[in-house]
Amino acid sequence: MTPRAAMRYLALSAVVAALPLAACTSSSQEHAAGFAVGKPGLTAGTAPDLAKFYGQSLSWSACDNGYQCSTLQVPLNYADPSGATIGIAVVRKQATDQAHRLGSLLVNPGGPGGSGLQYATSGNVVDAKVLARYDLIGFDPRGVGKSDPVQCLTDSQMDTFIDAPPVPSDPQQIAKVQSQAKFFAQQCEAKSGNLLPYVGTVYAARDMDILRAALGDEKLTYLGKSYGTYLGAVYAQEFPQRIGHVVLDGALDPDLTAEQENLTQAVAFDKELRLFLTDCAKQSNCVLGNDPDAAFTKLKDWVAGLEANPISGDATRKVDEAYALTGISVAMYDQGWWPDLRIALTRAFKGDGTVLLTMADAYNDRQAGHFVDNEAAANYAVNCVDHPDEATSVQQIEAELPAFEKAAPFFGPMVDWSSLPCAYWGAKPTGTPHKISAQGAAPILVVGTTNDPATPYPWAQQLSAQLASGRLLTMNGAGHTAYRRGSTCIDSAVDAFYLSGTVPAAGTVCQQTT
């Protein structure tokens, strides 16, 4: 699990079913607003040297399953727009009712590092009523996927990196973790050093405004999930007058330090694990027994013991503490995966880690020995520059560790250690924790789930309160994010906001029904 693990669009049930079984503001001189050149979607009043970017027309070509693909050109460095450029990969599904088309709806699944291309083409992003009125637009943010991706490790090197002890307990293990963190950072610098200073969220938000203009929209309509809420909030702070219908689902609180954010998330994951164990205790096939508290201790001790005594996995890998923690954490994102986790643990307690390893591979997007995307690299690349208070040393992590162990004894230590690569990062951090108010923006809908492990509900409460035009919509339920996750009340409210601008009544709480 990388720092601030966020929504990953995983078809986990499909993966497991295949086995034999019974989720900053900038200085004004760099501000990247639009420039009037007589094209719809452009606005007057900013740097003329960005005109060529704001005035570009996208050239679309057919790609898979009725989608169209294109590439947007943006400056590598907004402080030097006449210098190098990078390409932002974009995909479009045109509105099915072109006669009543409302514009473009941009989507981001989170991460940081999640592919908007994969998300947009997944088939379950928004309701058909919304697809009828909007062109659905997915994009890979800079440094991600097909948009000049950050490159760090080879597949075999990544295997070694993610399998380092997640909770080192002696000097030899600490040295191994430190060595892997340094090597990861060094390889990222060697392979992508020219890009690393420019992958922060402020840059991605500015790219998104150029994309808005290139699509011909005066206002931004947007769905951001998990980290995508932070990207959307930063956009709103940078371009409050460009806000159309913006939904931020599974919100991050931009005012938290990295330590506060990591600790809060770890606590939420532990809480979700206890919900799983309570549910498991009610099932006839729960290998952990019928006492949730005893099951928590039993599982924690068993996972810790895997570091010294791993169980079988596949032809080349054993299931140790790292793979077990990752596999278990995947099922915390959605209760629909709990039956899979029960099966995985039943087999694992008998020495067969095959299913648990498959779940860990699903989280890491590892297929047939190959990592199919660069999300882990992009996640660190963005987080390490967005947060100046990320880990600066082993000593800092060790100083924080008692608080993590006390508040979140299962996931806490792993989350604390996971940010160590930032201590050796080649690019200097540029962001700072800060409240985002986006004064002057149109209403922004913030959606929170009461038992969300990856983006805890208080973050949605805090972001909606910070935003001058924020409105909180709550789902009383579990799992990561709310829209299109089992509440017709949530779905209807979000759809109405997109289609008619209707803002839910203050204090609206919906129930998760499936």
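Since the model is a prediction, treat every value here as computed from it, not as a measurement.

> With reference to specific residues and values, describe the overall build of the protein chain.
Scanning the protein chain from N- to C-terminus turns up 18 helices and 14 strands. Since a compact globule built from 514 residues should have a radius of gyration of about 24 Å, the 22 Å found for the protein chain is in line with a globular shape. Expressed along its principal axes, the backbone C-alpha trace of the protein chain runs to roughly 70 × 50 × 40 Å. For the protein chain, the accessible area works out to roughly 18600 Å², and carbon and sulfur atoms hold 51% of it. In the protein chain, which carries 36 positive and 51 negative side-chain charges, the distance between the mean positions of the two groups comes to 4 Å.

> Describe the packing of aromatic side chains, and please don't skip the residues or the numbers.
Throughout the structure, instances matching the rule amount to 17 aromatic pairs. An aromatic cluster is present here, built from Phe269, Phe296, Tyr333, Tyr363, Phe410 and Phe411 joined pairwise through their rings. If you follow Lys93 out to its NZ or CZ, it ends over the ring of Tyr67, 5.0 Å from the centre. Here the basic side chain of Arg206 rests over the ring of Tyr203, its NZ or CZ set 5.8 Å away from the ring centre.

> Residue-level account of helix H6 (residues 171-192), with values.
Over its 22 residues, H6 extends 31 Å from the first C-alpha to the last, a length consistent with the 32 Å expected when each residue adds 1.5 Å. Restricting attention to buried positions, one finds in H6 the residues Gln173, Ile174, Val177, Gln180, Ala181, Phe184, Ala185, Gln187, Cys188 and Ser192. Projected down its long axis, H6 shows its buried positions confined to an angular sector of 165°, all on one face. Seen from the buried face of H6, the exposed residues on the opposite side, beyond 90 degrees, are Pro171, Gln172 and Ala190. For H6, the secondary structure elements touched by its buried residues are helix H5 (155-162), helix H14 (375-386), helix H15 (394-407) and helix H16 (412-417). With a side-chain oxygen positioned 3.1 Å from the backbone nitrogen of Gln172, the residue opening H6 is Asp170.

> Account for helix H13 (residues 354-364), with residues named and values stated.
Of all 11 residues making up H13, 10 are buried, and the element is well covered by its neighbours. Residues Val355, Leu356, Leu357, Thr358, Met359, Ala360, Asp361, Ala362, Tyr363 and Asn364 constitute the buried set of H13. Phi for Asp365, located one or two positions after H13, is positive at around 55°.

> Can you lay out the nonpolar core for me, pointing to particular residues and giving the numbers?
Membership of the largest hydrophobic core comes to 112 residues, with the highest contact counts inside it found for Phe184, Leu273, Leu299, Ile328 and Trp425. Considering each element in turn, this core owes the most residues, 9 residues, to helix H7 (residues 201-214). Beyond its immediate chain neighbours, meaning those up to four positions away, Trp425 contacts Phe184, Ala185, Cys188, Leu196, Tyr380, Ala381, Cys384 and Val385. Ranked by size, the runner-up nonpolar core spans 27 residues in total, among them Tyr67, Val126, Val130 and Val494.

> Explain the pairing of strand S4 (residues 103-108) residue by residue, including any values.
When you tally the buried positions in S4, you get 6 out of 6 residues, the bulk of the element. By the bridge criterion, 5 bridges tie S4 to strand S5 (residues 134-139) in an arrangement that is parallel. Looking across to S5, one finds that Leu105 is bridged to Leu136. As paired elements, S4 and strand S6 (residues 220-225) share 3 bridges and run parallel to each other. Bridge pairing links Asn108 to Gly224 in S6.

> Before we move on, could you go through the packing of helix H9 (residues 258-281) against helix H10 (residues 292-305) and cite the residues and values that matter?
Between H9 and H10, the shortest axis-to-axis distance is 9 Å and the interhelical angle comes to 120°. Crossing of H9 against H10: the hand is right-handed. Seen from H9, the contacting residues are Asp270, Leu273, Arg274, Leu277, Thr278 and Ala281; seen from H10, they are Pro292, Asp293, Ala295, Phe296 and Leu299. When its residues are assigned to classes, the contact of H9 with H10 shows 7 nonpolar, 1 polar and 3 charged.

About the criteria used
Residues numbered from 1 in each chain as written. Predicted model: local features only at pLDDT ≥ 70, side-chain atom pairs only at ≥ 80, totals over all residues. Heavy atoms only, no water. Helix = DSSP H or I, 4+ residues; strand = E, 2+ residues; numbered from the N terminus. Rg over C-alpha atoms; globule rule 2.2 N^0.38 Å. Areas by Shrake-Rupley, 256 points an atom, 1.4 Å probe, with all protein chains shown as cover. Lys, Arg positive; Asp, Glu negative; His and termini not counted. Charge placed at Lys NZ, Arg CZ, Asp CG, Glu CD. Phe/Tyr/Trp six-rings, centres within 6.5 Å; stacked < 30°, edge-to-face > 60°. Lys NZ or Arg CZ within 6 Å of the ring centre and 35° of its normal. Expected span 1.5 Å × (residues − 1). Buried < 20%, exposed > 50% of the residue type's maximum accessible area, 1.4 Å probe, protein only. Arc of directions from axis to C-beta. Contact = heavy atoms within 4.5 Å. Polar contact = N/O pair within 3.5 Å; in protein donor to acceptor, adjacent residues only side chain to side chain. Core = buried A, V, L, I, M, F, W, Y, C linked by side-chain atoms within 4.5 Å. Pairing = 2+ DSSP bridges. Axes fitted to C-alpha atoms, helices over the stretch in contact; angles between N-to-C directions. Left-handed = near helix turned anticlockwise from the far one by under 90°. Nonpolar A, V, L, I, M, F, W, Y, C, P; charged D, E, K, R; others polar.

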